[in-house]
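Descriptive structure summary
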Amino acid sequence: MASSLTKDSPSSGEKTFFGHPRGLATLFMTEMWERFSYYGMRALLPLYLIAPGGLDMDAGTATAIYSVYLSLVYLLAMPGGWFGDRVWGPRKTVAIAGGVIMLGHLTLALPSEGTFFAGLGLVAIGSGLLKSNISTMVGHLYDGPEDPRRDGGFTIFYMGINMGAFAAPLVIGTVGENVNWHLGFALAALGMGLGVVQFLMGTRHLNERSLVVPKPLSKDERAATLRKSMIWLGVAAVFYIGTVVTGVYTLNWLLVPITIAGLVIPVMVLTRIKRDKELSASEQSKMTGYIWFFVAAAIFWMIYDQGGSTLSIFAESSAENSVFGWDFPVSWYQSVNPVLIMALAPVFAAFWLALNRRGKEPSTIVKFSSGLVLVGASFFVFLMPLTIAGDGHKAAAMWLVAIYFIQTVAELTLSPVGLSVTTKMAPEKYASQMMGVWFLAVTAGDCTTGLLSLAGVELNGTGVVALEATLAVAAGIAIFMYRGKVEQLMGEVR
């Protein structure tokens, strides 16, 4: 039987997508529209939470909600991948996920605080379901890991992510801030709706493997999973109904358990893998080394993801958001990172390749430690506009652009390396789960930010910003100083 890969191959004379299988266009557009809806809503979220015409919350609560929301998206990527592997298969999971995300944005568009948080939950669930499975389907389009087009296909796919992320704040952010918040959220729903429609229309170009459930649950496993899920759902329902009936419920009853779970679950997952007696001595050693990278990554994302909360809230109140006398919406700052990614990613790829040819490419550890030092440096730069604002003046927009620029360079130094080292150091038994473990580093970092906010820590304070910057730089230096020990634990992985 001819696969969609064969049908779409250049040798068959059929149309391709920049020399790649036609199915890549379907997945490219799906991801682009999903990211358009996600980043558009994300750009509006902290601003809507603090706005008098929004939910009129204080900055600490807004930052906590934003951080918890981001952590949930990445935390739910693991069960999302599990659903694709064991229940629905990747294609069905992505289609359902798109519908859930669209419903979530429509719920956000309703002018009610209760529906707003329900909408956030739906978007987080849908994003978690979609995130792992759509990448799996990109891999299905190619003839295994050795297909020479595979890396290029993923590069094109990730360009779709950044195209959607770049356009979203410019469109959704402008409408949300200048016209109506809820209309902005509705535009996010429209974007996801377009993504779902074109995905369903283009499924004929996808590989047939995306329809297959790789490891379907047995009848007994399905019953046991459903029973456990209903028990936990029932416990949660009884608990929260009890807090409402007794009049003690506040938003913290929801936020605090999630932030604690976001810190405990990564520890539990890493401990379970590390203690697995079926792992070889080499795999055990690599997991010990990987924990160094995991903790460092959590510190990195703790600072990096504040670009959408702490920095955005600062810009709203204390920055001169204009260029040459032309004012622009605060949400537009969220387009700086994706446009820089698109501009700089090819430069970094060529730079590393040139160094590699000369035998001078930095090791994984050096790149990782450099990313940490750079993200710490970005917060040292943040101290300048904070000081300017503290003197009663508005900080220039270019201070914030400079911070985003440094963070983007840090991301390009650390994030691809983190993804690569995760796959290389993964024990064979957990090969398909380790990408979810990497996402848990993002969860841990964002939950740390959320917990600090809930504890009343002012993240826009110069002391806290300086402490976070110092922590990141110190972590980067520590990894570099102990690189010999970490390399020994990594074995043959470099």
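Above this text you will find the structure in question.
A brief report on the enclosed structure follows. Since this is a predicted model, take the numbers as computed values, not measurements.

**With respect to the packing of aromatic side chains**
- Scanning the entire structure with this criterion turns up 31 aromatic pairs.
- Consider the rings of F17 and F28, whose centres lie 5.7 Å apart with planes at 55 degrees: the pair is tilted. Of this pair, F17 sits in the loop between α1 (4-8) and α2 (23-50) while F28 sits in helix α2, placing them 11 residues apart in sequence. Across the pair, exposure class does not vary: F17 and F28 are buried alike.
- Taking 5.3 Å as the distance between ring centres and 90 degrees as the angle between the ring planes, the aromatic pair formed by W301 and Y304 counts as edge-to-face.

**Examining the packing of helix α14 (residues 364-390) against helix α17 (residues 462-481)**
- Following both chains from N to C, one finds α14 and α17 inclined at 165 degrees, their axes separated by 8 Å at the closest point. Judged by the angle between their axes, α14 and α17 are roughly antiparallel. Taken as a pair, α14 and α17 cross one another with a handedness that is left-handed.

**Observations concerning the nonpolar core**
- If you look at the biggest cluster of nonpolar residues, it comprises 107 residues, and the most contacted ones within it are Y69, F116, L120, Y290, Y333, F368 and L400.
- Take this core: its biggest share by element is 12 residues, from helix α11 (residues 281-304).
- For L400, the residues in contact, after removing those within four places along its chain, are L311, F314, A315, A319 and Y333.
- Counting residues in hydrophobic clusters, the runner-up holds 24 residues, among them A97, L129, F157 and F199.

**Observations concerning the pattern of salt bridges**
- Taken as a whole and assessed by the stated rule, the structure comprises five salt bridges.
- A salt bridge links K429 to E278, with the shortest nitrogen-to-oxygen separation between them at 3.2 Å. Here the residue K429 occupies a position in the loop between α15 (397-425) and α16 (434-454), and E278 occupies one in the loop between α10 (252-274) and α11, the gap between them amounting to 151 residues.
- K429 gets classed as partly exposed once you look at its relative accessible area, which sits at 44%.
- Salt-bridge contacts for E361 lead to K367; the nearest nitrogen and oxygen are separated by 2.6 Å.
- Residue E361 is classed as partly exposed on the basis of its relative accessible area of 30%.

**Digging into the packing of helix α5 (residues 90-108) against helix α8 (residues 181-202)**
- Between α5 and α8, the least distance of the axes is 7 Å, while the angle of their chain directions is 160 degrees. By the criterion of interaxial angle, the relationship of α5 to α8 is roughly antiparallel. Seen along the crossing, α5 lies across α8 with a hand that is left-handed. Every residue of α8 that contacts α5 at R91, V94, A95, G98, G99, I101, M102, H105, L106 and L108 is listed here: H182, F185, A188, A189, M192, G193, V196, F199 and L200.
- Of the residues belonging to the contact of α5 with α8, the class tally is 13 nonpolar, five polar and one charged.

What counts as what
- Residues numbered from 1 in each chain as written.
- Predicted model: local features only at pLDDT ≥ 70, side-chain atom pairs only at ≥ 80, totals over all residues.
- Heavy atoms only, no water.
- Phe/Tyr/Trp six-rings, centres within 6.5 Å; stacked < 30°, edge-to-face > 60°.
- Helix = DSSP H or I, 4+ residues; strand = E, 2+ residues; numbered from the N terminus.
- Buried < 20%, exposed > 50% of the residue type's maximum accessible area, 1.4 Å probe, protein only.
- Axes fitted to C-alpha atoms, helices over the stretch in contact; angles between N-to-C directions.
- Parallel < 35°, antiparallel > 145°, perpendicular 65-115°, else oblique.
- Left-handed = near helix turned anticlockwise from the far one by under 90°.
- Core = buried A, V, L, I, M, F, W, Y, C linked by side-chain atoms within 4.5 Å.
- Contact = heavy atoms within 4.5 Å.
- Salt bridge = Lys/Arg side-chain N within 4 Å of Asp/Glu carboxyl O.
- Nonpolar A, V, L, I, M, F, W, Y, C, P; charged D, E, K, R; others polar.

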